[in-house]
Amino acid sequence: MFVSIVRISQLTKKYGDVIAVDNISLEIQEGEIFGLLGPNGAGKTTTINMITGLVSMDRGDIWILGKEIKRSAQEVKRNIGVVPQDIAIYEDLTCLENVMFFASLYGLRGAELKKRAEEALEFTGLLDRAKSFPRDFSGGMKRRLNIACAIAHRPKLIIMDEPTIGIDTQSRSHILQSVKLLNEMGSTIIYTSHYMEEVEEICTRVAIMDHGKIIAEGTQDELKSIVTDKNSVWISVSGGMDKISQSKLKEINGVLSVEIDDGTVKISTSKDVSNLHKIILYFVENDIFYASAVGIGCNTAPAKGSFFCRCDGEFGGDIGLCCRLLCHSGIPLRYS
Ligand code: ATP
């Protein structure tokens, strides 16, 4: 039987006029490594901060292990370990003192506290540096210590917010292996990233976020089946919506369907026809302004499988780059 460890319903957060998280719903089962993938500003960190109770929600509900966090925040937090995007360690404490400090916040004390802290350091490959101060560490070592501080209390749910930013390949690989191992040892993981290849390597299920919304969700196979049958182009329109003609868009060779959903034009096209530049040109030539264009599709010569790309900007933004990314494929895709 599947046990839901996190359930999110209609979650929304605004900062002034910016809708950071826009009415998202999600369910994460115990034992998953769940990837939250999206470009900078997509709303990943805000979502995580609401799950951990760091940021209040404007609307919606979150349950963790069946408990609503609005009512049982303290109890819920004991079961969570958070690896924040910004490294949160004290440079004037040794590695061991750092881990013991954070683990003590979860109620561990005495010999048990020290034992668990040493285990966490061993797990992250830092036990031999237990008495070192992290101020002289490389970025990768600091990130590993950041993880050790989050896992010593053996949380059921570990949330990692872009834990591999700005580190060397070796540390990155060490961290990805650690994530898999933590999962095998019984923790459910939520892992945010803007690197497609990372979530492909470790995640059992993925949600893709953009502009505060979840634009695709499923297992890797499910996402691949979406993208191997057809290409999808989602264009978020910021002005000139009334000029869009669905029938004219459907006249473009290869376009299979056109749907308009809350300011987003969702176009499905045949993977065998190279027409993405024509779709973008339709918007340009008809003075339809777009806030972003997102392509989810497959490689016409599939080497890497799927790609996902995004380009921002009002009309006059980098359409060339967007088209090139959409039409090209051999690249393991990163966000521009
Ligand atoms: P990144 O990968 O860059 O961290 P993200 O996907 O985590 O991006 P968020 O950090 O959640 O995205 O940001 C979503 C949107 O909310 C962005 O437009 C951001 O500028 C805005 N935002 C986030 N936090 C705040 C804040 N405290 N005050 C105002 N705006 C904010």
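Above this text sits the structure in question.
Rules and cut-offs
Note that residues are indexed from 1 along each chain, following the sequence as it is written. Reporting of local features is limited, given that this is a predicted model, to residues whose pLDDT is at least 70; pairs of side-chain atoms are given and counted only at 80 or more, and all residues count toward the totals for whole chains, interfaces and linings. Numbering of helices and strands runs from the N terminus; a helix is a DSSP stretch of H or I covering at least four residues, while a strand is a stretch of E covering at least two. With C-beta atoms placed from the backbone, a residue is labelled by how many other C-beta atoms lie within 10 Å of its own: buried for 20 or more, exposed for 12 or fewer, partly exposed between the two. Any residue pair is listed as a contact if its two C-beta atoms, each placed from the backbone, are within 7 Å. By this definition, two strands are paired if DSSP reports at least two bridges between them. Structural elements are reduced to axes, namely lines fitted to C-alpha atoms, with helices fitted over the stretch in contact, and the angle between N-to-C directions of any two is expressed from 0 to 180 degrees. The criterion for a residue being near a molecule or strand is a backbone-placed C-beta atom within 6 Å of that molecule or strand. When residues are grouped by polarity, Ala, Val, Leu, Ile, Met, Phe, Trp, Tyr, Cys and Pro land in nonpolar, Asp, Glu, Lys and Arg in charged, and all others, Gly among them, in polar. Nonpolar cores are identified as sets of buried Ala, Val, Leu, Ile, Met, Phe, Trp, Tyr and Cys residues joined via C-beta atoms within 7 Å. Here the limits of each domain have been adopted from an automatic or database domain assignment. Expected helix span is computed as 1.5 Å times (number of residues minus one).

### Here's the deal with the overall build of the protein
1) Next: Per the secondary structure count, the protein includes 11 helices and 15 strands.
2) Next: Going through the 336 residues of the protein one by one, you find that 40% of them count as buried.
3) Next: Across the protein, every contact between residues at least 6 apart in sequence was considered, and the portion connecting residues at least 24 apart equals 68%.

### Considerations on unusual backbone geometry
1) Next: Its identity is not glycine, yet glutamate 162 carries a phi of approximately 45°, on the positive side.
2) Next: When you line up the elements, glutamate 162 lands in the loop between β7 (157-161) and α6 (169-184).
3) Next: Phi is positive for aspartate 287, which is not a glycine, with a value near 55°.
4) Next: Looking at where aspartate 287 falls in the secondary structure, it is placed in the loop between α10 (276-285) and β14 (289-298).

### Points about the sheet that holds strand β4 (residues 59-64)
1) Next: Pairing is antiparallel across the open sheet formed by 4 strands, whose spatial order is β2-β1-β4-β5. Strand pairing shows two members of the sheet lacking a second neighbour, β2 (18-29) and β5 (67-68), which therefore form its edges.
2) Next: Note that strand β1 (residues 4-15) and β2 share 8 bridges and pair antiparallel. Of the residues in β2, the one forming a bridge with valine 6 is isoleucine 28.
3) Next: Packed onto the sheet, helix α1 (residues 44-51) meets β1, β2 and β4 and runs at close to 120° relative to β1.

### Some points on the site of the ligand
1) Next: Residues in contact with the ligand amount to 13 residues; listed here are only the nearest, Tyr15, Ala20, Asn40, Thr45 and Thr46.
2) Next: A per-element tally of the shell around the ligand places α1 first, with 3 residues.
3) Next: Among the residues forming the shell around the ligand, the class breakdown is 4 nonpolar, 8 polar and 1 charged.

### Quick notes on the nonpolar core
1) Next: In terms of nonpolar packing, the biggest core is built from 76 residues, with Val99, Ala148, Ala152, Ile159, Ile189 and Tyr191 touching the most fellow members.
2) Next: Looking at which element gives the most residues to this core, the answer is helix α5 (residues 139-151), with 7 residues.
3) Next: Residues lining this core come from more than one domain, with at least three contributed by each of domain 1 (4-213) and domain 2 (220-327).
4) Next: Those residues in contact with alanine 152 that lie beyond four places of it in its chain are Val99, Phe102, Ala103, Arg116, Ala117 and Ala120.

### Side note on the sheet that holds strand β8 (residues 188-193)
1) Next: Within the open sheet, the 6 strands sit side by side as β6-β7-β8-β3-β9-β10. Their pairing is mixed. In the strand order of this sheet, the two ends are held by β6 (80-83) and β10 (213-219), each with one partner. In this sheet, adjacent strand axes meet at a mean angle of 15° when their direction is disregarded.
2) Next: Docked against the sheet, α5 engages β6 and β7, running at close to 165° with respect to β6.
3) Next: Sitting on the sheet, α6 is in contact with β3 (33-37), β7 and β8, with an inclination near 155° to β8.

### Topic: the pairing of strand β12 (residues 255-261)
Successive residues of a regular strand alternate their side chains across the two faces of the sheet.
1) Next: Two elements, β12 and strand β13 (residues 264-270), share 6 bridges in a ladder whose sense is antiparallel. Pairing of serine 257 across the sheet is with serine 268, part of β13.
2) Next: Hairpin remark: β12 followed by β13, antiparallel, with 2 residues in the connecting loop; positive phi at aspartate 262, about 50°.

### A look at α5
What sets the pattern is the α-helix's 3.6 residues per turn: residues three or four places apart point alike.
1) Next: The end-to-end C-alpha distance of α5, which contains 13 residues, comes to 19 Å, matching closely the 18 Å that a straight helix rising 1.5 Å per residue would cover.
2) Next: Counted residue by residue, α5 has 11 buried out of 13 residues, so it is predominantly covered.
3) Next: Among the residues of α5, those classed as buried are Gly140, Met141, Arg143, Arg144, Leu145, Asn146, Ile147, Ala148, Cys149, Ala150 and Ile151.
4) Next: On its buried face, α5 sits against β6, α3 (95-104), α4 (110-123), β7 and α6.

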